[in-house]
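Chain by chain, the residues:
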Amino acid sequence: MCAMWRLQVAFCTFSVLSLSFGGDSKARSCSEVRQAYTAKGFSLVNVPHQEISGEHLRVCPQGYTCCTSEMEDKLSQQSKLEFENLVEETSHTMRTTFVSQHKKFDEFFLELLDNSEKSLNDMFTRTYGKLYMQNSEVFQDLFTELKRYYTGGNVNLEEMLNDFWSRLLERMFQLLNSQYHFSEDYLECISKYTDQLKPFGDVPRKLKAQVTRAFIAARTFVQGLMVGREVANRVAKVNVAPACIRALTKMLYCPYCRGIPELKPCHNYCHNVMRGCLANQADLDPEWNVFIDAMLLVADRLEGPFNIEAVMEPIDVKISEAIMTMQDNSMQVSAKVFQGCGQPKPAGMGRSARGISDVFNARFRPYSPEERPTTAAGTSLDRLVLSIKEKLKESKRFWSNLPDDICTKDELTEADEDQCWNSHAKGRYFPEVVKEGLTNQLNNPEVEVDITRPDTLIRQQIMALRVMTNKLKNAYNGNDIYFQDSSDEGSGSGSGSGCPDGCTTEFVFVGTEAPVIGADRSDERAAAAAESPCHRPSLLLLAAALSLTLLALQTPWR
């Protein structure tokens, strides 16, 4: 009986102690949480002053808590917002680099074209006077088409330059042979002889090669900066999945619910959460790196043989040299044209023949370097390219490094591995850090990622980068992929005839394979097709001739 009484006393004592301990734990203050919660801009209405039972929590541990369901929902929304801001902030420098550099290059190239046109107009007006002014639209059209090509217009550079020289030949031929009247048909006949006559010497061929490869490189490089800008901006606007929001809430704000709002997440814990949430962004990285390498290669071309500044600055001098060559060879050119197109009709009595020296009575004098207009306050292309190359190199592996870059921010994680939030309490985080990329998230302990459903937007950006890389690869070799089949020489806007001027194409580009240029093979097929039918008529004629011969031999013997 005594023993039973003692057991009851002990039981009651234990129950009282348990109740007192439970009362103490329930009585823990939420004042720090309330202070941190209101600092985030939230209202303190319905925020408990002391811990409450946490069975209602859906994300955070369900012990005693300072969070209501409403608080947990608001903190989840806050987690999503802060994550989006973290990605935006971390990628800001890289994204603004593409924006600012695109603007600088675009302004530079357009200003360079404007200055080149102004320089040519001023010099030709001073040198050729009224004769130039009466025919200035030929040169204005040249620069208009160059600008239209550069800004993305559907312009075949090779055909456009051929048309420029044909028009210039027609105008000059009329000036140099003003004693004759030329009909439209006659002028068209003259233009057909441009390639055969070579009235402007070798200038058109060399200038065409230099202009096409320089403009292709310049336009493609600026397009690359624009594509890089657009891809980076779109990818930086993350699509936050519900599983990611849960993981972010648990990492960033479950310490609030446990009454320890100042506790920061462990470093490796942050890595797993961020790599899970940014798995699709990391998958962009391989194609992004190939794209950056292609941009760097075209940048090298812009510094070297494809330097548009070196091509455009002396373009007025080169065109003038061509005009002088035409002047010097006008007698021979005229004789060949008259032979090929026929003798033109004499002009009326009011038009007297003028001597060549009367038409072009002054030799061309180019500007000295001090007189030349400057571009973008004296900025040179070399300095611009050098600057962007350094920034492009820094952006390599950006997307795969993004989770780590976010977690290394001092304000986000705790350096002390034993004094950090490990997803349920203060202490060391033991799980291993998974690798970046979608397929590696299968075993991510913090974020449930469906590796069978890649992000559609990211896949679209990967394709956009592949298309741009292919353009850059072609531009590196002086080819415009839009007009690869327009010329027998290869690329319609390529530099096939320009490499003697310093173009080297020994570099083998490693990356997305470009389609084989169809013009080369089509020429072979055309040649083969043209050759095979020719043999058949020849054999038939030979057989017919032999038959007739035998018939002739047999007739006398009848």
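Just so it is clear, the model here is predicted, and its values are computed rather than measured.

1. Details of the state of the cysteines
Now for step 1: Counted according to the given criterion, the structure contains seven disulfides.
Now for step 2: Each sulfur of the disulfide joining Cys30 and Cys66 lies 2.1 Å from the other. Because the sign of the S-S torsion sets the handedness, a value of about -90° for the bond joining Cys30 and Cys66 places this disulfide among the left-handed ones. Taken together, the residues span a long stretch of sequence, with Cys30 in the loop between α1 (2–26) and α2 (31–39) and Cys66 in the loop between α2 and α3 (69–128) at a distance of 36 residues.

2. Quick word on the packing of helix α6 (residues 157–176) against helix α16 (residues 315–328)
Now for step 1: At their nearest, the axes of α6 and α16 sit 11 Å apart, and the two run at 45° to each other. As far as their axial angle goes, α16 and α6 are oblique. Regarding α6 and α16, the two cross each other, and that crossing is right-handed. Residues Phe164, Trp165, Leu168, Leu169, Met172, Phe173 and Leu176 of α6 pack against Ile319, Ala322, Ile323, Met326 and Gln327 of α16.
Now for step 2: Per-class residue counts for the contact of α6 with α16 are 11 nonpolar, one polar and no charged.

3. Quick notes on the pattern of salt bridges
Now for step 1: Under the criterion given, the structure shown has 30 salt bridges.
Now for step 2: A salt bridge links Arg275 to Asp404; its shortest N-O distance comes to 3.0 Å. Within this pair, whereas Arg275 is found in helix α12 (residues 267–277), its partner Asp404 is found in helix α20 (residues 398–407), the two being separated by 129 residues in sequence.
Now for step 3: Taking relative accessible area as the criterion, Asp404 reaches 19% and is therefore assigned buried.
Now for step 4: Put simply, Asp418 and Arg428 hold a salt bridge, and the shortest N to O gap is 3.2 Å. In this pair, Asp418 sits in the loop between α20 and α21 (456–476) while Arg428 sits in the loop between α20 and α21, placing the two residues 10 residues apart along the sequence.

4. Regarding unusual backbone geometry
Now for step 1: Within the chain, Asn46 stands out as a residue other than glycine whose phi angle is a positive 70°.
Now for step 2: Of note, Asn46 is situated in the loop between α2 and α3.
Now for step 3: Asn46 sits in the exposed class, given a relative accessible area of 57%.
Now for step 4: With a phi angle near 50°, Lys198 is a residue other than glycine that sits in the positive phi range.
Now for step 5: Turning to its location among the elements, Lys198 is positioned in the loop between α8 (194–197) and α9 (203–236).

5. Remarks on the environment of Arg275
Now for step 1: Its relative accessible area of 12% is what places Arg275 among the buried residues.
Now for step 2: Taking C-alpha positions, Arg275 is 8.8 Å from Leu438, a pair spaced 163 residues apart along the chain.
Now for step 3: Other than its neighbours up to four places away in sequence, Arg275 contacts Pro403, Asp404, Val433, Val434, Lys435, Glu436, Gln441 and Asn444.
Now for step 4: Within the structure, the side chain of Arg275 is placed 2.6 Å from the backbone oxygen of Val434, a separation counted as a polar contact.

Calculation rules
Residues numbered from 1 in each chain as written. Predicted model: local features only at pLDDT ≥ 70, side-chain atom pairs only at ≥ 80, totals over all residues. Heavy atoms only, no water. Disulfide = S-S within 2.5 Å. Helix = DSSP H or I, 4+ residues; strand = E, 2+ residues; numbered from the N terminus. Axes fitted to C-alpha atoms, helices over the stretch in contact; angles between N-to-C directions. Parallel < 35°, antiparallel > 145°, perpendicular 65-115°, else oblique. Left-handed = near helix turned anticlockwise from the far one by under 90°. Contact = heavy atoms within 4.5 Å. Nonpolar A, V, L, I, M, F, W, Y, C, P; charged D, E, K, R; others polar. Salt bridge = Lys/Arg side-chain N within 4 Å of Asp/Glu carboxyl O. Buried < 20%, exposed > 50% of the residue type's maximum accessible area, 1.4 Å probe, protein only. Polar contact = N/O pair within 3.5 Å; in protein donor to acceptor, adjacent residues only side chain to side chain.

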